[in-house]
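Listed here are the chains, written in short residue letters.
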Amino acid sequence: MSLKIYNTLTRKKEDFETLEPGRVRMYVCGPTVYANAHVGHAMSALVFDILRRYLEYRGYEVRHVMNFTDVDDKIIARANQSGEDPFQLAERYIQQYERNLADLNVLPATVNPRATREIEHIQKIIQELIAKGYAYPTADGDVYFRVRKDEDYGKLSRRSFDDVRGGTRVEVDEAKEDPLDFALWKSAKPGEPSWDSPWGKGRPGWHIECSAMSLHHLGEQIDIHGGGNDLIFPHHENEIAQSESLTGKPFVRYWVHNGMLQLGGEKMSKSLGNLVTIDDFLKDHEANVLRLMVLNSGYRSPLTFNDEVVEQTERALERLRSGLRPCLPGAGGAAEAAVQTLQQQAERTREDFIAAMDDDFNTAGALAALFELVRAINQTRDSGATDDQLRPAQDLLLELSGVLGLQLEQQDKGSAQADPFINLLVSVRSELRRQKLWAISDQIRDRLAELGVVIEDSREGSTWRWE
RNA sequence: GGCGACGUGGCCAAGUGGUAAGGCAAGGGUCUGCAAAACCCUGAUCACGGGUUCAAAUCCCGUCGUCGCCUCCA
């Protein structure tokens, strides 16, 4: 079995072969930091975190680069509005984004380059592109990429020159040779952040920074380049144009794009203003819920986000966790045959899990395998299995859910110091139940429930857990 | 207007040629003082219309609908 990845460039699933055996060079487009990150950003981060974790599970060493765009029009506009220094503003949102990712249990990238720290590299590339005739400066101090010179421009988004031009709604800058040309370097207006350059004071265009950082941190050719599918055109198309015109080599082997998170049937985006920030979401829900939502559907498809789905996902998470519960009170051991059946299911689960993930990261299929394992564990527990008998299957559940980045083990919601007292209460209540004092037993159960402690009774005794 | 994606049971959602995974909800049952949990059982022919094929949710054409991109966007 080999891993297959859907490549946006070819619109097909392809066998995954890296440039260098055992190593993956992956670049993922990060956010422009001018506002709070929303759950749509989280989706993208989670998708590529899951990709990365699985690649590592499969034995690859992954060099993962995610950039921050920390200088651009919107940052400047925002800073001007509030009177804050644009660099300070960007720094603030970068720190917040990094905190968000940590809260979401997203592994830190190997490198987080920032546009403002790569100016030299960017300028060098622009100069080379000019020297090769792929770019030209204007009298105003801007530099544009000469799109017409790149014969296969449009191959990623499958657009012809005419398609692009036909739909162009941008005001045509008279200084451009062609309306299709895009900026590599933007001259600075008074008061804007700027750097000296051969073309005068200015700052880099959006697309060139990714080409430059990818080249700088990963080399001329990389294995995976990722981002939201809203970046396919023009951003990634332009990156290809810049990078391949510069090096003459294929830039990226596999273009991977995630679908958009949908809120009320629309893409969640800063410009539409219909966003739920990551901070808002995490106030009411644990990070695993969002991750499980992402896992439950294909990463390339739109993801439905609404209260109903969030609630369904919370229950599904509970169900996964039910597989980790200890044996029943008074468990006398399951029959050998039952334990063997569980063992067989565990083996099948691992196979199914890998087969699903190998098929273009079919996380929904992988999850199905996990749910089947949960059912098998619960069946075996019901048949009287001891903790020792359940443990191997439970360990597998933890291992595989961990590959997906899920944290099933409950961090103690209550304080561990309370445990002895709860144990005492529960055992006293058990005595009350033996005396058939139902009213007071139920009262204890209800009151503890209000405090987040769930008591479950059975013939053999009672168990409790934090909700 | 151009380019692209999608439309699977009440909801979310896998599956892309051989008679439909999984989760949530619902109904029935086991267990149980009650409750909860767990377990068992029950349900879809895959937007619509044509076509290709021994065989299609899965390929082709058309219609309708939804969404994305074409402007900043994960």
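All figures in this text were calculated on a predicted structure; none of them were measured in a lab.

1. Re the overall build of chain A
Right, on to step 1. Tallying secondary structure elements over chain A gives 15 helices and 15 strands in all.
Right, on to step 2. For chain A, the C-alpha atoms occupy an extent of roughly 95 × 50 × 35 Å along the three principal directions.
Right, on to step 3. In chain A, which comprises 467 residues, the proportion classed as buried is 49%.
Right, on to step 4. Excluding contacts between residues fewer than 6 apart, the proportion of contacts in chain A whose partners are at least 24 apart in sequence is 76%.
Right, on to step 5. Looking at chain A as shown, the accessible area adds up to about 22,100 Å², and 48% of this sits on carbon and sulfur atoms.
Right, on to step 6. Here chain A carries 56 positive and 74 negative side-chain charges, and the mean point of each set is 1 Å from the other.

2. Some remarks on unusual backbone geometry
Right, on to step 1. The peptide bond linking Phe 233 to Pro 234 adopts the cis configuration, its omega dihedral lying at 0°.
Right, on to step 2. Within the element layout of this structure, Pro 234 appears in helix H7 (residues 232-247).
Right, on to step 3. Positioned with a positive phi, Arg 11 is a non-glycine residue whose angle comes to about 60°.
Right, on to step 4. Take Arg 11: it is sitting in the loop between strand S1 (4-7) and strand S2 (12-15).
Right, on to step 5. Even without being a glycine, Asn 105 presents a positive backbone phi close to 60°.

3. Focus: the nonpolar core
Right, on to step 1. Counting residues in each nonpolar core, the largest one holds 80 residues, and the members touching the most others are Ile 224, Leu 290, Phe 353 and Phe 361.
Right, on to step 2. Ranked by residue count, the leading element in this core is helix H1 (residues 39-57), at 11 residues.
Right, on to step 3. Of the residues that make up this core, three or more belong to each of domain 1 (4-284) and domain 2 (315-403).
Right, on to step 4. The residues contacting Phe 353, other than those within four sequence positions of it, are Tyr 54, Ala 366, Ala 369, Leu 370, Leu 400, Val 403 and Leu 404.
Right, on to step 5. Grouped together as the second largest cluster of nonpolar side chains are 40 residues, Cys 29, Ile 122, Phe 161 and Ala 212 included.

4. A closer look at the sheet that holds strand S7 (residues 182-187)
Right, on to step 1. Strand order across the open sheet formed by four strands is S5-S6-S7-S8, with antiparallel pairing between neighbours. The open sheet has two edge strands, strand S5 (135-137) and strand S8 (202-204), and neither has a second partner. The sheet shows a mean angle of 20° between the axes of neighbouring strands, taken without regard to direction.
Right, on to step 2. Of the pairings in the sheet, the one linking strand S6 (residues 143-145) to S7 comprises three bridges and is antiparallel in character. Bridging from a neighbouring strand, Phe 145 pairs with Phe 182 of S7.
Right, on to step 3. Packing against the sheet, helix H4 (residues 119-131) makes contact with S5, S6, S7 and S8, and its axis sits at approximately 125° to S7.

5. Structural notes on the side chain of Thr 138
Right, on to step 1. Within the fold, Thr 138 resides in the loop between S5 and S6.
Right, on to step 2. Its relative accessible area of 14% is what places Thr 138 among the buried residues.

6. A few points about the domain arrangement of chain A
Right, on to step 1. The assigned domain composition of chain A is domain 1 (4-284), domain 2 (315-403) and domain 3 (416-466).
Right, on to step 2. For domain 1 versus domain 2, the distance between C-alpha centres works out to 41 Å.
Right, on to step 3. In this assembly, 11 residues from domain 1 lie in contact with 13 residues from domain 2.
Right, on to step 4. Summed over both partners, the interface of domain 1 with domain 2 buries about 1,100 Å², with 60% contributed by carbon and sulfur atoms.
Right, on to step 5. The three residues of domain 1 that bury the most area against domain 2 are Lys 4, Tyr 54 and Tyr 57, which together make up 52% of that side's buried surface.
Right, on to step 6. Summed over the shared surface of domain 1 and domain 2, the number is two salt bridges.

7. Quick notes on helix H2 (residues 73-82)
Right, on to step 1. Every buried residue of H2 is accounted for by Ile 75, Ile 76 and Ala 79. The buried residues of H2 all sit within an arc of 95° when viewed along its axis, so they share a single face. For H2, the exposed residues set more than 90 degrees away from the buried face come down to Asn 80 and Gln 81.
Right, on to step 2. The N-cap of H2, judged by a side-chain oxygen 2.9 Å from the amide nitrogen of Lys 74 a few residues on, is Asp 72.
Right, on to step 3. Once H2 finishes, Gly 83 follows within two positions and takes phi at roughly 80°, a positive value.

8. A few points about the pairing of strand S10 (residues 252-258)
Right, on to step 1. Taking burial as the measure, the seven residues of S10 include six buried ones, the bulk of the element.
Right, on to step 2. Pairing analysis gives six bridges linking strand S9 (residues 222-228) to S10, with the strands arranged parallel. Bridged to His 225 within S10 is Trp 255.
Right, on to step 3. The handedness of the S9 to S10 crossover, carried by H7, is right-handed.

9. A look at the sheet that holds strand S3 (residues 23-28)
Backbone hydrogen bonds hold the strands of a sheet together, and the pairing may be parallel or antiparallel.
Right, on to step 1. Strand order across the open sheet formed by four strands is S4-S3-S9-S10, with parallel pairing between neighbours. The sheet is open, and its two edges are formed by strand S4 (61-66) and S10, each paired on a single side. Within this sheet the neighbouring strands show an average axis-to-axis angle of 20°, counted without direction.
Right, on to step 2. When S3 meets S4, the two strands line up parallel, connected through six bridges. Its bridge partner lying in S4, Val 28 is registered against Met 66.
Right, on to step 3. Packed onto the sheet, helix H6 (residues 206-218) meets S3, S4 and S9 and runs at close to 160° relative to S3.

10. A short note on a negative patch on the surface
Right, on to step 1. A surface patch of like charges, here negative, comprises Asp 284, Glu 314, Glu 318 and Glu 467.
Right, on to step 2. Along the chain, Glu 318 turns up in helix H10 (residues 307-322).
Right, on to step 3. When its relative accessible area of 31% is taken as the criterion, Glu 318 is described as partly exposed.

What counts and what doesn't
Residues numbered from 1 in each chain as written. Chains lettered and ligands numbered in written order. Predicted model: local features only at pLDDT ≥ 70, side-chain atom pairs only at ≥ 80, totals over all residues. Heavy atoms only, no water. Helix = DSSP H or I, 4+ residues; strand = E, 2+ residues; numbered from the N terminus. Buried < 20%, exposed > 50% of the residue type's maximum accessible area, 1.4 Å probe, protein only. Contact = heavy atoms within 4.5 Å. Areas by Shrake-Rupley, 256 points an atom, 1.4 Å probe, with all protein chains shown as cover. Lys, Arg positive; Asp, Glu negative; His and termini not counted. Charge placed at Lys NZ, Arg CZ, Asp CG, Glu CD. Core = buried A, V, L, I, M, F, W, Y, C linked by side-chain atoms within 4.5 Å. Domains from an automatic or database assignment. Pairing = 2+ DSSP bridges. Axes fitted to C-alpha atoms, helices over the stretch in contact; angles between N-to-C directions. Buried area = accessible area lost by both parts, 1.4 Å probe. Salt bridge = Lys/Arg side-chain N within 4 Å of Asp/Glu carboxyl O. Arc of directions from axis to C-beta. Polar contact = N/O pair within 3.5 Å; in protein donor to acceptor, adjacent residues only side chain to side chain. Right-handed = clockwise from strand over helix to strand, strands pointing away. Patch = residues over 30% accessible without salt bridge, like charges linked within 9 Å, V, L, I, M, F, W, Y side chains within 5 Å.

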